[in-house]
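Residues per chain, in single letters:
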Amino acid sequence: MIDIKLLREDIEGLKTAIARKKFTVEWDAILRLDEERRAAILKAETARAEQKAASKEVGQFKDKSSPEFQAKLAAMKGLSEEVKALEAEATEVEAQWKALFLSIPNIPDASVPAGRTEDDNVVAATWGDPKTVSASAVPHWDIPWFAQAIDFERGVKATGAGFPFYVGDMARLVRALISFFLEEARLNGYEEVLPPLMVNAASATATGQLPDKEGQMYHMPVEDFYMIPTAEVPVTNFFREETFDEADLPVYRCGYTPCFRREAGSWGKHVRGLNRLHQFDKVELVKWVHPDKSFEELELLRGNAEVILQKLGLPYRVLLMCAGDIGFPHAKQYDLEVWAGGQQRWLEVSSCSNFTDFQARRAGIRFRPKGGGKSEIVHTLNGSGLAVPRVLAALLENNLQADGTVKVPECLHRWTGFETLAPKAK
RNA sequence: GGAGAGGUGGCAGAGUGGCCGAUUGCGGCGGUCUUGAAAACCGCUGUGCCGCAAGGUACCGGGGGUUCGAAUCCCUCCCUCUCCGCCA
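The rules behind these values
- Residues numbered from 1 in each chain as written.
- Chains lettered and ligands numbered in written order.
- Predicted model: local features only at pLDDT ≥ 70, side-chain atom pairs only at ≥ 80, totals over all residues.
- Heavy atoms only, no water.
- Pairing = 2+ DSSP bridges.
- Helix = DSSP H or I, 4+ residues; strand = E, 2+ residues; numbered from the N terminus.
- Axes fitted to C-alpha atoms, helices over the stretch in contact; angles between N-to-C directions.
- Parallel < 35°, antiparallel > 145°, perpendicular 65-115°, else oblique.
- Left-handed = near helix turned anticlockwise from the far one by under 90°.
- Nonpolar A, V, L, I, M, F, W, Y, C, P; charged D, E, K, R; others polar.
- pLDDT = per-residue confidence, 0-100.
- Salt bridge = Lys/Arg side-chain N within 4 Å of Asp/Glu carboxyl O.
- Buried < 20%, exposed > 50% of the residue type's maximum accessible area, 1.4 Å probe, protein only.
- Near = heavy atom within 4 Å.
- Polar contact = N/O pair within 3.5 Å; in protein donor to acceptor, adjacent residues only side chain to side chain.

## A few points about the sheet that holds strand E15 (residues 376–377)
Piece 1. Taking strand neighbours across the sheet as the criterion, the three strands line up as E8-E14-E15 in an open arrangement whose pairing is mixed. The open sheet terminates on both sides in strands that have one partner only, identified here as strand E8 (243–245) and E15.
Piece 2. In terms of strand pairing, strand E14 (residues 366–368) meets E15 through two bridges, oriented antiparallel. Paired with Arg 366 across the two strands is Ile 377, which belongs to E15.

## Here we look at the packing of helix H3 (residues 27–60) against helix H4 (residues 67–101)
Piece 1. Across the interface, H3 lies against H4 with an axial gap of 8 Å and an inter-helix angle of 155°. On the basis of the axis angle, H3 is roughly antiparallel to H4. Considering the relative orientation of H3 and H4, their crossing is left-handed.
Piece 2. Of the residues in the contact of H3 with H4, the class split is 20 nonpolar, four polar and ten charged.

## Some thoughts on the confidence of the model for chain A
Piece 1. Looking at chain A as a whole, its pLDDT mean stands at 91, while 98% of the residues score no less than 70.
Piece 2. Overall fold confidence for the complex sits at a pTM of 0.91, while the interface term, ipTM, reaches 0.82.

## Overview of the pattern of salt bridges
Piece 1. All chains considered together, the criterion is met by 20 salt bridges.
Piece 2. Arg 172 is the salt-bridge partner of Asp 169, the closest N and O atoms lying 3.2 Å from each other. Taken together, the residues span about one helical turn, with Asp 169 and Arg 172 both in helix H7 (residues 169–187) at a distance of three residues.
Piece 3. Note on Asp 169: relative accessible area 31%, which makes it partly exposed.
Piece 4. Take Arg 172: its relative accessible area is 34%, and that puts it in the partly exposed class.

## A look at the protein's contact with RNA strand B
Piece 1. In the vicinity of RNA strand B lie 21 residues, with Arg 37, Arg 38, Glu 45, Arg 48 and Ser 55 positioned nearest.
Piece 2. Within 4 Å of the protein, the contacting atoms of RNA strand B are drawn from sugar and phosphate to the extent of 70%.
Piece 3. One of the side-chain N or O atoms of Arg 38 is found 2.3 Å from a phosphate oxygen in RNA strand B.
Piece 4. A distance of 2.8 Å is found between a base nitrogen of RNA strand B and a side-chain nitrogen or oxygen belonging to Ser 55.
Piece 5. Listing elements by their share of the surface near RNA strand B, those giving two or more residues are H3, H4 and E14.
Piece 6. Looking at the surface near RNA strand B, the element that brings in the most residues is H3, giving eleven residues.
Piece 7. Partitioning the surface near RNA strand B into residue classes produces five nonpolar, five polar and eleven charged.

Written as structure tokens, this is what we have:
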């Protein structure tokens with residue numbers, strides 16, 4: 001949700017900025033309904049004020065059986081009905097306006113490059129050299145023992161497609177990656193939380209999954225809970241409808257969770273193996289910061305995610321997403337893509353975003369300025385640090401050795417307890 | 001899951017139809033006094049919405065209802081606590 005003041009102070013500037021994104025907005029209807037709604041509120045509140053004043057008089061009558069009193073009551077009844085009608089109208093107009101107002105996406109920052117598609121994204125940085133990966137590398141699903149170590153078929157039996165079992169040392173390797181990611185986050189000042197894996201509708205609405213993306217979440221109809229598509233949802237909602245003291249900012253949190261995504265309609269090419277799953281593990285980094293600091297905090301966040309890939313020794317590139325390719329609530333977004341040498345593809349393993357005040361306004365997260373005074377909306381950011389399966393895919397492909405074993409990066413040894421992954425093929 | 005008791009401002013805790021956006025205490029902020037501090041005393045101290053402002057309006061767990069008028073009465077949902085049942 002954007003600041004409504006922008007709508008009134010600089011509508012043309014707002015339209016121009018939003019036009020860089022791929023979303024369409026019904027500006028005329030929004031402006032018209034805003035006028036109507038304010039008029040309706042004024043009418044309803046004026047009538048209500050009148051009713052309250054008159055009602056006060058009624059209460060002060062001494063003789064409740066007098067004709068004057070009865071006449072007054074009768075008159076009040078009409079007024080009461082009028083107030084009810086006006087309030088209902090105001091509520092209705094307000095709801096119509098709000099629905100459209102919420103359809104306005106966040107404003108892309110001036111530093112976001114122009115562009116319409118993913119081809120217009122700008123490579124902001126690269127690290128490592130894809131050419132260092134052996135020319136004989138194969139896609140991870142073609143590694144002879146892959147089906148035993150990550151068992152998709154048994155996953156189908158237990159649940160369905162996209163819910164694999166990780167077996168033996170592979171399970172330990174996944175657990176090592178999670179532990180490593182969390183430890184990196186902790187050392188960078190993020191406090192760990194282990195959040196609920198299901199959220200209510202209010203939480204999903206605050207972070208923007210509802211109402212539009214409900215088809216992407218698994219829904220538990222009995223309790224009306226949603227399986228989280230990312231830890232961002234519960235972790236951000238930790239502070240929903242709360243007010244920080246300015247001195248407490250910035251707040252850094254991290255959380256590991258499995259993530260559940262229906263990925264409805266997105267299955268096709270390039271989604272084999274670990275590339276896209278319905279359930280996957282991820283460590284998420286979340287920040288609540290002062291509005292003046294959010295863009296520099298985004299650079300720090302991106303750096304925190306990058307260092308992890310560097311320590312793992314995996315070549316990657318950083319994309320500065322163009323205006324047409326960033327999401328609805330995003331002001332600025334970087335994607336980190338790791339090189340998967342077997343597939344000869346870049347795989348997205350992290351998305352680091354500044355939501356400015358867009359998400360926080362919707363979630364009611366504020367801060368009280370140091371000198372006191374009116375509370376202001378904080379800025380929120382989040383980024384993956386990192387998503388496990390695609391990191392694992394790149395690691396398996398890039399580090400596969402001639403003898404069929406996989407070299408485990410040194411930073412993981414303390415968590416795995418082994419230095420070489422050597423599952424048996426059947 | 002069953003029975004009972006509750007949910008009021010940062011906290012504690014009054015208020016059972018109009019005098020209540022809400023007594024009081026604590027906490028917080030400012031001041032008087034003091035060399036300074038404490039104590040004492042005085043004043044201020046919730047949030048959203050509409051409005052340039054004055055001001056208006058909404059909010060006593062959420063939603064709905066009764067009434068001229070609801071924190072207060074009714075319905076419903078959620079949550080907390082106690083006891084029982086079940087159980088990692």
